[in-house]
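# Observations on the three-dimensional arrangement
Residues per chain, in single letters:
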Amino acid sequence: MKKLFRIMLCTFMLCGLLSGCAAGGLSNQEEEDTPKEPVTLTLATFSANPATLSDLGMSDYDPSVLQMVELFNETHTDYQIEVEYYSHSDDLYSDGLSVIQREIVSGEGPDIIDFGIGYSVVDTVGKYTLDLYSFLDGEDYLESVLEAFSYEGGLYAIPVGFAIDSLVGRTSVVGTQSTWTMEEMIACYEAEAAESGADFILLATAKQVLGIILSSTVGDYVDWETGECSFDNEDFQKLLEFAGSFPTSVAVSGDDSTTQAYLNGEVFVMPVSLASVYDIAKYEIIFGDEVNFIGYPSAGTGNTIIDLGGTTALGISVGCDYPEVAWEFVCLYFTEEYQESLSGALPVSRSAFETLLESAQTTQYEENADGTSTPVLQKKVSFAEEGVIGEIYQISSEQAQQMLELTDRICSESVYDSTLHYMILEEADAYFSGQKSLEETVEIIQSRANIYVNENR
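Attention in this report is confined to the structure presented alongside it. Just so you know, these numbers come straight off a predicted model, no measurement behind them. Sequence positions are assigned chain by chain, starting from 1 and proceeding in written order. Only residues with pLDDT of 70 or above have their local features reported here, since the model is predicted, and side-chain atom pairs are shown and tallied only from 80 upward, although totals for entire chains, interfaces and linings are computed over all residues. Note that the side-chain values use all heavy atoms of the structure and ignore hydrogens as well as water.

### Details of a nonpolar patch on the surface
We count it as follows: Here the term patch refers to residues with relative accessible area over 30% and no salt bridge, with like charges joined within 9 Å and nonpolar side chains (Val, Leu, Ile, Met, Phe, Trp, Tyr) within 5 Å. Areas reported here follow the Shrake-Rupley algorithm with a probe of radius 1.4 Å; residue values treat only the protein chains shown as occluding. Note on definitions: salt bridges are taken to be side-chain nitrogens of Lys or Arg within 4 Å of carboxyl oxygens of Asp or Glu. A run of H or I in DSSP counts as a helix once it spans at least four residues, and a run of E counts as a strand once it spans at least two, with each numbered from the N terminus. Note on classification: 1.4 Å probe, protein chains only; a residue is buried when its accessible area is under 20% of the maximum for its type, exposed when over 50%, partly exposed between these limits.
Together, Leu203, Val250 and Val252 line one region of the surface with nonpolar side chains, adding up to about 230 Å² of accessible area. Considering the arrangement of structural elements, one finds Val252 in the loop between helix H10 (234-243) and helix H11 (258-263). Overall, the relative accessible area of 60% leaves Val252 in the exposed class.

Below, the structure written as structure tokens:
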């Protein structure tokens, strides 16, 4: 990993940053404004502090933040970055994000914020970070990804990488359309279940069906800016009623085969996360047929969701005195070399994304000591209890185009809040078990959600 960052350092010094980042650099500042003594910028991070890893019982953590800080500090003499560590807490007042917000409002606080893997657009609703669209220049970003992470037209934190969350099913079953409403999804499933007896998802229970759909659609029912909730609307009631049509538990037989369940058409859809360009080829192997990534049900234009894919999002405080310098640090994450090296996430850089797609369409080979070459296995397709069911060495041009189209039609960032999520599942349990009516359950969820959202926005 250290070698990778040294390569990046050389590339950075020789070639500069991407065109979009170069425009916001120090060249716009007058020489006389440059401090004579090094100025320290503070970076707040939710990454584990390496000095306390043993106290926390942790043996590993993501070192990229410290490596990027080291890279920046080695290439700058007038400015240096210092890291401060924050942590999340169930207590709203002591939660690190709340602390950062209060510090910035009071005129203190960090210059740069590394929000970490738990970032949601909700974290920047207060607009205490700068709109980063003002720093962007050029076309080397996937616009749909940035739009999905934007809030009221502003980009208050920029994602480093992303993954695409969707529902996938056989094209012959779910159709070729790119969106569906709650009504359309339910009607499509009921027609397929009546014909083939297919389960909605593998081993579906009421709570699983509700939880899976809600995890990527809860943002349809909450406005974090105004505090308004709409869990009493028709769409949510349909979802709750649909989920309630499934059993509260299912028996698993040792003879059941996950592989055969998909191949035999016993499963309607599968929730998936695409975090690699090779993932686009996995699900044709699993279903044994052409598939459509149709997304989650939505009353709007669609619900193909993205998340950070295990990476992070970065913001610049409104109180930062040297935003152009802070932007130079942010841009270290958007060199083509770094973006192409992401593991477990897709690059936000369009050129890096297209390079990976192009490369993935050709089988790669590695040279052996005896002069022969061996094809490089890019991904194994497997189920834990059944082992490998397929291997991927390359993707087709059609699959590459499908991946590009899927990325371009991303609609929103997954606004996931675990407390709200489990609160809804807790109240829904009473409905699933017959203890409360649909109307009573919806009323309680709406009331509790309203209180929670308004206390935490």
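### Overview of the sheet that holds strand E3 (residues 112-114)
Note the threshold: Criterion used throughout: strands pair if DSSP finds at least two bridges between them. Contacts were defined at the residue level, with two residues in contact if any of their heavy atoms lie within 4.5 Å. Between the N-to-C directions of two axes lies an angle of 0 to 180 degrees, each axis being a line fitted to C-alpha atoms and, for a helix, fitted only over the stretch in contact.
Within the open sheet, the five strands sit side by side as E2-E1-E3-E11-E4. Their pairing is mixed. Of all strands in the sheet, those bounded by a partner on one side alone are strand E2 (79-85) and strand E4 (158-159). Together, strand E1 (39-45), E2 and E3 form the strand contacts of helix H4 (residues 64-75), whose direction differs from that of E2 by roughly 160 degrees.

### Remarks on the packing of aromatic side chains
This is how it is decided: Any pair of Phe, Tyr and Trp rings, taking the six-membered ring for Trp, is counted once the centres come within 6.5 Å. Such a pair is stacked with planes under 30 degrees apart, edge-to-face with planes over 60 apart, and tilted for the rest.
Taken as a whole, this structure holds 26 aromatic pairs when the rule is applied. An aromatic cluster is built from Trp180, Tyr189, Phe200, Phe242, Phe246 and Phe268, whose rings are joined through pairwise contacts.

### A short note on the environment of Val173
Tracing the sequence through the fold places Val173 in helix H7 (residues 171-174). Note: C-alpha distance between Val173 and Val269 (96 residues apart in sequence) is 9.3 Å. Leave out the neighbours within four places in its chain, and Val173 touches Cys188, Glu192 and Phe268.

### Some remarks on the pairing of strand E15 (residues 379-383)
Sheet faces and side chains relate simply in a regular strand, where the side chains alternate between the two faces. Pairing of E15 with strand E16 (residues 387-392) involves five bridges; the strand directions are antiparallel. Directly across from Phe383, in E16, lies its bridge partner Gly387. Following E15, the chain reverses through three residues before pairing antiparallel with E16.

So far we have only geometry, and geometry alone does not tell us how the molecule works.
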